[in-house]
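# Tertiary structure, described
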Protein chains: 2
Amino acid sequence: MAEKVTIATVARHARVSRQTVSNVLNAPHIVREETRLRVQEAITALGYRANQAARQMRTGRSRLIAVRIEPTRDGINGSVLDRFLHGLTETAETAGYRTMLYTATDDQREIVTYDDLLSSYELDGFVLTGTDHGDPRTAWLAAHGVPFVTFGRPWDDPESHSWVDVDGAAGTAAATAHLLAAGHRRIGFIGWPVGSGVGDDRRAGWRRSLVAAGVEPAGLDRQTVDGIAEGERAARDLLAGAAPTALVCASDSLALGALQSVRADVPAVPVIGFDDTPVAAAIGLTSVSQPLGEAAARCVDLLTAVLDGTQRTPDHVLLQPSLVLRHTA
Amino acid sequence: MAEKVTIATVARHARVSRQTVSNVLNAPHIVREETRLRVQEAITALGYRANQAARQMRTGRSRLIAVRIEPTRDGINGSVLDRFLHGLTETAETAGYRTMLYTATDDQREIVTYDDLLSSYELDGFVLTGTDHGDPRTAWLAAHGVPFVTFGRPWDDPESHSWVDVDGAAGTAAATAHLLAAGHRRIGFIGWPVGSGVGDDRRAGWRRSLVAAGVEPAGLDRQTVDGIAEGERAARDLLAGAAPTALVCASDSLALGALQSVRADVPAVPVIGFDDTPVAAAIGLTSVSQPLGEAAARCVDLLTAVLDGTQRTPDHVLLQPSLVLRHTA
DNA sequence: TCCAGCAACTTGAACGATCCAATCCTGCCT
DNA sequence: AGGCAGGATTGGATCGTTCAAGTTGCTGGA
C-alpha cells in the first residue's frame, strides 16, 4: 500500500500552504488562477483525495445518507426497493454523497438505529420508504432536526416534510380508463384493506375513473391483504358476485392471483396489476409502472438541497406512473 | 439537538481520565472492576457513543464494508442480490460493521471507485458479487492489500482469496436426480454459453448426474444467453431435436421460457429452474434455491475474521442449495 | 530500609482536514 | 517615497479518539 497522500503532501508538492490547498477545494474563487492550477495539478499527480473522517471531524458533516433495506417480504414486490436503491446510490454518488444501509425490524428499533447512526457516524440525512399514518419515525427525525425525505407521501399533512411520491391514483385511473376505452363498463378492483394511504389512493383512482364514466363502483371492489392466494380468492369472489368484465389490482401479487382465477373461470377477463415487477414482465401482465429511478433521483435532489442549505421549507414531488401494456389487457 | 457527548464528558462524569474510558471500551481487562462499572454507568447515563470519524482518524479503520449494487438487468434475477444485501447488512450490523453501497458500470470504473472509497472513507473491506475468470477487480484488491471476500468462486485458483459460494453443480445434479427418480432418462439441459464459471458448473452437475445414471448426455443440451425468449427458443429446438422428456435450466428466466415452449408443444415435460426467484414461486416453477442469507452471513464472517486479524490465509465456504418442488416437476 | 516490579490510572501528542485571525505581498495612488 | 487597500497566503487551534509514555501507589524480596 502506497504511503498516504495528505493535504500537506499536496501543499509541499505545489509549494503552497495547506490552507491554500484547502481553499482550492472548498473556495476556489479566492485563489489566484495560476496557483489554483498548480495545486490542481499536484492533486491529480499525487492522486490526492480528502480524508472524509478528518473533514467530518471539523465540519460535522459526513456526506453519508442512510437508507433502510427491508426484508423481501412477499418476494414479488422486493425488486421495487432494489431498483429504487440503485437509482438512489447512483444519484447520490454524482452529488458527492454515499449511501449507507441499515435494517430494522420495527419503528421503535429503527429510531434507536437513527440515534446510533447519527451519533456514531454523524449521518447527514435519511431517505425513508413506506411511511404510514402517524409514523413515529418522521416525528422523531423532525423533532431532532435531522434532514430527511420520504419516498411516499405523509398522508396526514402533506406539508409536514419533504417527500417524493408516485401518483398511484393516476395510475389506477389510467388503467381503468384503458379498460373503459376497450369497451368495459363493469370494472372490478382488488385492493388492500382501507387504512393504508397507498392502498386507499390506488382505490380512489379506480373509483374516480369509473364515476367519471358514469359507472357506479359500489360492490365492484374487494379488500384483502397482499398475496397471490389472497388475490385469487378475492377475484373468484368478485367474479361470482358482481361479475365484472375486467379487473384492476393494487399490486402485481394480487393481479397474479386474480389471473389464475380468471384463467380457470372466464378466460376473457382482462387484468391489470401495479408496480410492473419482473413477474409482470415475465408472464405478460399489463401493469402500472412507477418511475423508480426518477423518484430516487428526486429524493436525493430534495435531500441535498436541504443539506446544502439551498432549501429551508419542505418541498415535494409527485411523479406520474405509466401503464405498460402486455397480453393481459 | 442535544449537545455532544464525547469521551471527555463521560470521563468527567465518572471522574476518570479520557484514556480510562477508552480502555473500558477497547481493553476492559486492564481496568479495575469497580472503575469499569462506574464508567459503564456514566456511558449509559449520558447515552455516549464513540464517534467513528475520530476513532477512524487514529486507527485508520472505519468499520465500514462496501458492496456494489448492480442495476437490475434481467429483472427476474434482481431479487437474488436484494436478498443477499439484506442478509449482509443484518449480519454486518451484529458484527459492528455498517454497509456502504456503490455502483459501477464496468470493471475499470469499479477499480477507480475502490481507490476513491479507500482513500476518502478508508473502507475496511469489500464484498464482491459475480466474479469472472481473470477478474481485474480481485487482482487489484489483492495487489493493494485490501481485505475482500467474493460471493462466487474464483474459477482459476480456489486458493487465491476468500470466497463463499453455493454448489451450483450439486443443485443441478439434485434437480436431475429428482427427474431420474421420477422415471425420466432423456433429461435435457438449457444453459449459458461455455466460458462462464457459474454456467459451466451448473451444466457439469446435470452431466454428472446423467452419466452416473448411465445416460449419454451428448446432444441433450443447448447453450444460449440468459432470457425468457432465449429459453423458449432453446427449448423448442431441443424438444424438436433430441426430444428430452424433462428439462433442467441454468436460470429461472430460461426455465420460464422453456415452460412456455413446453406448454405449447408437449404438456407433460417437467421443467426445473435455478435461483428460486419470486417468479418461480409465483408461477409454481420447481427451482433450485440458494441459501442467500446464509451466504451473506458467511461472507461477513470471513471478512471480519480477516479484519480482526483472526484469519491470515484465504478461507472458503461452499454451501449446498436445495430443490424447491412445485407444480412443474 | 530500599527499590524493583507491577497494576491502575493520567497526561501529552498525533491522526488530517478546516476555520480563524494574523501576516505578507503587490500594485496603486498621492 | 511612503502609505494604504485589498487579496493571497500562513500559522496555530480545533474536532474526538487512541497510542505511547509517564505518574502514582502498593507489594514484596534482599
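The following refers to the structure shown. Small disclaimer: the values here were computed from a predicted structure and weren't measured. (Residues numbered from 1 in each chain as written. Chains lettered and ligands numbered in written order. Predicted model: local features only at pLDDT ≥ 70, side-chain atom pairs only at ≥ 80, totals over all residues.)

The next thing to look at is the relation of the copies chain A and chain B. In summary, the two copies of the chain are related to each other by a rotation about an axis coupled with a shift along it. The operation relating chain A to chain B is a screw motion whose rotation component is 180°, with 0.0 Å of axial translation and a residual RMSD of 0.2 Å. Interpreted geometrically, this transformation is the action of a two-fold axis. The fraction of interface residues of chain A whose copies in chain B are also interface residues reaches 100%, indicating that both copies meet through the same surface. (Least-squares fit on C-alpha atoms with pLDDT ≥ 70 in both. Contact = placed C-beta atoms within 7 Å.)

Time to look at the protein's contact with DNA strand C. Around DNA strand C sit 26 residues in total, of which A:T6, A:I7, A:A54, B:S17 and B:T35 are the nearest. Looking at the surface near DNA strand C, the elements with two or more residues in it are α2 (18–26) and α4 (52–59) of chain A together with α2 (18–26) and α4 (52–59) of chain B. Broken down by class, the residue content of the surface near DNA strand C amounts to nine nonpolar, 10 polar and seven charged. (Near = placed C-beta within 6 Å. Helix = DSSP H or I, 4+ residues; strand = E, 2+ residues; numbered from the N terminus. Nonpolar A, V, L, I, M, F, W, Y, C, P; charged D, E, K, R; others polar.)

All names here are of chain B. With 14 residues, helix α10 (residues 228–241) ought to run about 20 Å at 1.5 Å a step, and its terminal C-alpha atoms sit 20 Å apart, in line with that. The complete set of buried residues in α10 reads I228, G231, E232, A234, A235, L238 and L239. After α10 finishes, the residue A243 shows a positive phi value of roughly 50°. (Expected span 1.5 Å × (residues − 1). Buried ≥ 20, exposed ≤ 12 C-beta atoms within 10 Å, placed from the backbone.)

Moving on, we come to the nonpolar core. Soluble globular proteins tend to pack their nonpolar side chains together in the buried interior. Grouped together as the largest cluster of nonpolar side chains are 77 residues, with contacts concentrated most on A:C249, A:V271, B:C249 and B:V271. Ranked by size, the runner-up nonpolar core spans 74 residues in total, among them A:V67, A:V306, B:Y102 and B:V306. (Core = buried A, V, L, I, M, F, W, Y, C linked by C-beta atoms within 7 Å.)

Right, let's get into the sheet that holds strand β6 (residues 187–191) of chain A. Residue and element names in this part refer to chain A. Across the sheet, six strands lie side by side as β7-β6-β8-β9-β10-β12; this open sheet has mixed pairing. This sheet does not close on itself; its edge strands, each paired only once, are β7 (221–223) and β12 (322–324). The average undirected angle you get between the axes of adjacent strands in this sheet is 20°. Summarising the sheet, strand β8 (residues 246–249) and strand β9 (residues 271–274) pair through two bridges and their orientation is parallel. Within β9, the residue paired with L247 across the bridge is V271. Packed onto the sheet, helix α8 (residues 168–181) meets β6, β8, β9, β10 (286–289) and β12 and runs at close to 170° relative to β8. Relative to β6, helix α10 (residues 228–241) is tilted by about 150°, and along the sheet it contacts β6, β7 and β8. (Pairing = 2+ DSSP bridges. Axes fitted to C-alpha atoms, helices over the stretch in contact; angles between N-to-C directions.)

Turning to the interface of chain A and chain B, a few remarks are in order. Residue-level contacts link 43 residues of chain A with 43 residues of chain B. Residue assignment for the side of chain A that touches chain B shows that the elements contributing at least two residues are α4, α5 (78–94), β2 (98–102), α6 (107–121) and α12 (278–283) of chain A. In terms of residue count, the dominant contributor to the side of chain A that touches chain B is α5(A) (nine residues). Residues of the side of chain A that touches chain B, tallied by class, amount to 20 nonpolar, 15 polar and eight charged. By the bridge criterion, three bridges tie β2(A) to strand β2 (residues 98–102) of chain B in an arrangement that is antiparallel. Note on β2(B): the bridge partner recorded for A:M100 is B:M100.

Another point: the packing of α8(A) against helix α9 (residues 197–212) of chain A. All names here are of chain A. In the contact formed by α8 and α9, the axes pass within 7 Å of each other and the chain directions differ by 35°. In terms of crossing hand, the pair formed by α8 and α9 is right-handed. Across from G168, A169, A170, G171, T172, A173, T176, A177 and L180 in α8, the residues of α9 making contact are V198, D201, R202, A204, G205, W206, R208, S209 and L210. Within the contact of α8 with α9, the residues separate by chemical class into nine nonpolar, six polar and three charged. (Left-handed = near helix turned anticlockwise from the far one by under 90°.)

Mapped onto the fold, A:K4 is located in the segment before α1 (7–14). Between the C-alpha atoms of A:K4 and A:Y48, which are 44 residues apart in sequence, the distance is 8.7 Å.

The next subject is the sheet that holds strand β11 (residues 316–319) of chain A. Across the sheet, which stays open at both edges, the 12 strands sit in the order β11(A)-β5(A)-β4(A)-β3(A)-β1(A)-β2(A)-β2(B)-β1(B)-β3(B)-β4(B)-β5(B)-β11(B) with mixed pairing between neighbours. A single partner strand is all that each edge strand has here, and the edge strands are β11 of chain A together with β11 (316–319) of chain B. Between one strand axis and the next, the sheet turns by 20° as a mean value, whatever way the strands run. Docked against the sheet, helix α6 (residues 107–121) of chain B engages β2 of chain A together with β1 (64–68) and β2 of chain B, running at close to 160° with respect to β1(B).

Right, let's talk about unusual backbone geometry for a bit. All names here are of chain A. The backbone of R63 sits at a positive phi, close to 55°, despite the residue not being glycine. As for its placement among the helices and strands, R63 is situated in the loop between α4 and β1 (64–68). The backbone of E122 sits at a positive phi, close to 50°, despite the residue not being glycine. Mapped onto the secondary structure, E122 falls in the loop between α6 and β3 (125–129).

A word on the pairing of β2(B). Residue and element names in this part refer to chain B. Here β2 lies mainly inside the structure; five of its five residues are buried. Neither face of β2 is left uncovered, since the one carrying R98, M100 and Y102 and the one carrying T99 and L101 both have all their residues buried. As paired strands, β1 and β2 are joined by five bridges and run parallel to one another. If you follow A66 over to β2, its bridge partner there is M100.

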